[in-house]
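Examination of the molecular architecture
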Amino acid sequence: VTHLVLRALLVLSLASLAEACVPVAAWDRGRLAHPEMADSPNEQCAGFDGHLTGAREAALEPSAAGGGGCGCN
Amino acid sequence: VAATERGPVRRRATRAAWALVALALASLARADERVAIDGHLYLDSDRLEVWHPHAGVQIDLDEELAVAASYDADVISAATIDVRTAASPRGFVESRHGLGVDLTAAPSSTLRYGVSASGSFAPDYASGTASARLAWEDDTRTHTVAVAASGSYAGVGRVGDQAPVGDAWAGGASVAWTAVVSRAMVLDLALAGEHARGYLESPYRFVTIHDALDPTGSVVVPESLPDARTRGSARARIRIAPTDDLFVRGSYRFHADDWGVAGHTVSVEAAAAPVPELLASLELRCLVQRGASFYRGRYETLPDVPTLRARDRELAPTTTLGAALRLETRFAGPWNGEARLFLRGELLYTRLVDTPLLPERLAGVVGLGLSFER
């Protein structure tokens with residue numbers, strides 16, 4: 001029952017979040033377009049980090065990547 | 001396999017660095033869109049040194065199609081506690097080479113997909129990976145959904161053996177949802193799963209089985225792990241730009257597998273750009289992990305030898321703390337483009353629980369990279 005309640009809360013939270021997102025005009029995306037707001041701000045470091053953690057940790061890192069929100073996907 | 005000496009490592013590293021510089025300059029002369037070269041040096045208290053050079057080139061074939069290629073290597077000098085107690089008392093120097101190609105298509109402003117392939121080759125190991133990905137953005141550019149799938153094969157052996165000891169296959173998929181919450185905030189959620197099957201042990205790792213009643217009685221047998229492993233992870237992340245020159249990101253990740261490993265990772269990064277040409281960032285990271293159900297620091301089961309026995313410390317209960325500092329500068333170049341130079345330093349402290357020979361490990365990483373873009 002606890003798991004069902006938690007899942008329901010999670011789904012409701014995600015639905016609320018999706019609804020709360022406000023479309024941002026292209027001319028208002030200056031901060032979102034900064035390289036530091038990208039999915040991976042430094043791809044050269046990210047490549048090595050993935051290599052290192054892949055060898056040193058048992059965790060699996062999600063590989064699918066969305067955009068940075070700048071409208072430059 | 002040679003004895004561990006600093007001379008051979010330096011010579012190999014120098015040759016690899018010159019090869020990368022030549023590749024980068026040749027690519028730049030061919031009017032490429034982006035060229036990147038970088039190198040990372042990893043050192044830890046378990047006497048492991050890794051020099052990791054990397055070079056990558058990306059070319060826009062036209063407005064919709066881009067192709068990329070990359071090369072990386074690991075020049076490894078290891079005299080770790082595992083090597084000293086099981087494989088070679090003197091350690092070894094070894095190189096791994098990796099190649100990758102990638103093709104990305106963007107048929108519209110809101111749709112992008114691509115495929116990639118990579119290979120990794122070492123004297124005792126060869127692997128290949130193929131993957132495909134797709135990302136779709138809605139018309140208001142508020143939501144992005146991305147999916148990716150990959151498959152890989154690895155042949156594992158020992159240096160000097162005629163044939164591989166075993167091979168392993170793995171298939172995985174992940175999905176991510178990114179949402180623009182406001183003009184200064186982005187949220188994303190990602191899920192990933194992977195199933196691996198085959199020889200998942202290391203042929204170099206051996207486990208000592210002790211007799212609980214006789215302190216002098218013991219046998220040494222090869223590590224033995226299950227032939228299949230399914231693991232997954234979920235990550236939530238937030239990126240915020242409270243001002244035009246300050247950027248903060250935080251993430252939480254949960255990971256688990258059917259061997260009993262489960263863990264939590266939290267990371268926070270803050271970056272400041274006091275002037276447009278300069279950026280400094282500090283990242284803090286903490287990983288806490290429960291070990292595999294069959295992992296023991298010491299097996300005392302003689303005369304019985306357990307079917308599953310692990311020496312891999314990454315399957316032990318661990319806590320890792322990390323701090324990374326990155327400095328980055330951007331400047332215009334005479335080729336009508338931009339250059340970016342970064343310097344990065346990182347410290348990683350790992351507390352390994354139930355690992356008598358190596359209770360903790362301190363590692364340092366230094367990275368330096370340069371990229372040209374136009």
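Parameters at a glance
Residues numbered from 1 in each chain as written. Chains lettered and ligands numbered in written order. Predicted model: local features only at pLDDT ≥ 70, side-chain atom pairs only at ≥ 80, totals over all residues. Heavy atoms only, no water. Helix = DSSP H or I, 4+ residues; strand = E, 2+ residues; numbered from the N terminus. Buried < 20%, exposed > 50% of the residue type's maximum accessible area, 1.4 Å probe, protein only. Areas by Shrake-Rupley, 256 points an atom, 1.4 Å probe, with all protein chains shown as cover. Salt bridge = Lys/Arg side-chain N within 4 Å of Asp/Glu carboxyl O. Phe/Tyr/Trp six-rings, centres within 6.5 Å; stacked < 30°, edge-to-face > 60°. Lys NZ or Arg CZ within 6 Å of the ring centre and 35° of its normal. Contact = heavy atoms within 4.5 Å. Polar contact = N/O pair within 3.5 Å; in protein donor to acceptor, adjacent residues only side chain to side chain. Nonpolar A, V, L, I, M, F, W, Y, C, P; charged D, E, K, R; others polar. Patch = residues over 30% accessible without salt bridge, like charges linked within 9 Å, V, L, I, M, F, W, Y side chains within 5 Å. Lys, Arg positive; Asp, Glu negative; His and termini not counted. Charge placed at Lys NZ, Arg CZ, Asp CG, Glu CD. Core = buried A, V, L, I, M, F, W, Y, C linked by side-chain atoms within 4.5 Å. pLDDT = per-residue confidence, 0-100.

Thoughts on the overall build of chain B
- Secondary structure assignment for chain B yields two helices and 18 strands.
- Evaluated residue by residue, chain B yields a buried proportion of 45% over its 374 residues.
- Per element, the accessible surface of chain B, about 18,400 Å² overall, is 63% carbon and sulfur.

As for the pattern of salt bridges
- Applying the stated criterion to the full structure yields 31 salt bridges over all chains.
- Here Glu 328 of chain B ties to Arg 326 of chain B by a salt bridge, and the two come within 2.5 Å at their closest N and O atoms.
- Accessibility expressed as a relative area gives 4% for Glu 328 of chain B, which makes it buried.
- Classification of Arg 326 of chain B by relative accessible area gives buried; the value is 4%.
- A salt bridge links Arg 330 of chain B to Glu 338 of chain B; the nearest nitrogen and oxygen atoms lie 3.2 Å apart.
- Classification of Arg 330 of chain B as partly exposed rests on a relative accessible area of 21%.
- Look at Glu 338 of chain B and you get partly exposed, because its relative accessible area is 33%.
- Salt bridges linked by common partners bring Asp 39, Glu 57 and Glu 61 of chain A together with Asp 188, Arg 235, Arg 237, Arg 239, Arg 253 and Arg 285 of chain B together as one network.

Remarks on the packing of aromatic side chains
Residue and element names in this part refer to chain B.
- One pass over the full model with this rule turns up two aromatic pairs over all chains.
- Seen from their ring centres, Tyr 153 and Trp 169 are 4.7 Å apart, and the 55° between their planes marks the pair as tilted. Taken together, the positions of Tyr 153 in strand β7 (residues 143–156) and Trp 169 in strand β8 (residues 166–182) put the pair 16 residues apart, joining distant regions of the chain.
- The partly exposed category is assigned to Tyr 153, whose relative accessible area is 32%.
- Taking the centre distance of 5.7 Å and the plane angle of 65° together, the rings of Trp 259 and Phe 294 count as edge-to-face. Of this pair, Trp 259 sits in the loop between β13 (246–257) and β14 (262–275) while Phe 294 is found in the loop between β15 (278–290) and β16 (318–333), placing the two residues 35 residues apart along the sequence. Of the two residues examined, Trp 259 and Phe 294, each falls in the buried class.
- Above the face of the Trp 259 ring, Arg 229 is positioned so that its terminal group lies 4.5 Å from the ring centre.

So, the interface of chain B and chain A
- Opposite the 80 residues of chain B that make contact, chain A presents 45 residues.
- Among the ionic pairs, Glu 314 of chain B bridges to Arg 56 of chain A, the shortest N-O distance being 3.6 Å.
- Where chain B meets chain A, there are 26 residue pairs in polar contact (both at pLDDT 80 or more).
- The leading source of residues in the side of chain B that touches chain A is strand β12 (residues 228–243) of chain B, at 11 residues.
- Residues of the side of chain B that touches chain A, tallied by class, amount to 35 nonpolar, 17 polar and 28 charged.

Brief notes about a nonpolar patch on the surface
All names here are of chain B.
- Together, Leu 41, Leu 43, Leu 327, Phe 331, Leu 341, Leu 343, Val 366 and Leu 368 make up a nonpolar patch on the protein surface, roughly 660 Å² of accessible area in all.
- For the nonpolar patch, the secondary structure elements donating two or more residues are β1 (34–44), β16, β17 (337–352) and β18 (360–373).
- Taking the relative accessible area as the measure of exposure, Leu 327 reaches 42% and is therefore partly exposed.

Digging into a negative patch on the surface
- Taken together, Asp 60, Asp 62, Glu 63 and Glu 64 of chain B make up a surface patch of like negative charges.
- With respect to the secondary-structure elements, Glu 63 of chain B resides in the loop between β2 (48–60) and β3 (65–78).

With respect to the environment of Ala 168 of chain B
Residues and elements named next belong to chain B.
- Among the structural elements, Ala 168 can be located in strand β8.
- On the accessibility criterion, Ala 168 (11% relative accessible area) is buried.
- Between the C-alpha atoms of Ala 168 and Tyr 153, which are 15 residues apart in sequence, the distance is 5.8 Å.
- Excluding residues that lie within four positions of it along the chain, Ala 168 makes contacts with Ser 152, Tyr 153, Ala 154, Arg 197, Gly 198, Tyr 199 and Leu 200.

Things to note about the nonpolar core
- The biggest cluster of nonpolar side chains holds 15 residues, and the ones touching the most others in it are Ala 292, Phe 294, Ala 310 and Leu 315 of chain B.
- Look past the residues within four positions of Ala 310 of chain B in its chain and what remains in contact with it is Val 207, Glu 223, Leu 225, Phe 294, Tyr 295, Arg 296, Tyr 299 and Leu 315 of chain B.

Details of the environment of His 34 of chain A
- Of note, His 34 of chain A is situated in the loop between α1 (2–20) and α2 (43–56).
- Contact partners of His 34 of chain A, with chain neighbours within four places excluded, come to Phe 247, Ala 273 and Leu 279 of chain B.

Looking at the confidence of the model for chain B
Residue and element names in this part refer to chain B.
- In this model, chain B carries a mean pLDDT of 88, and residues with pLDDT of at least 70 account for 90%.
- Below a pLDDT of 50 lies the segment residues 1–6, which in the model reaches 17 contacts outside its immediate sequence neighbourhood of four places, other chains included.
- Interface confidence for the predicted complex, expressed as ipTM, amounts to 0.81; the pTM equals 0.86.

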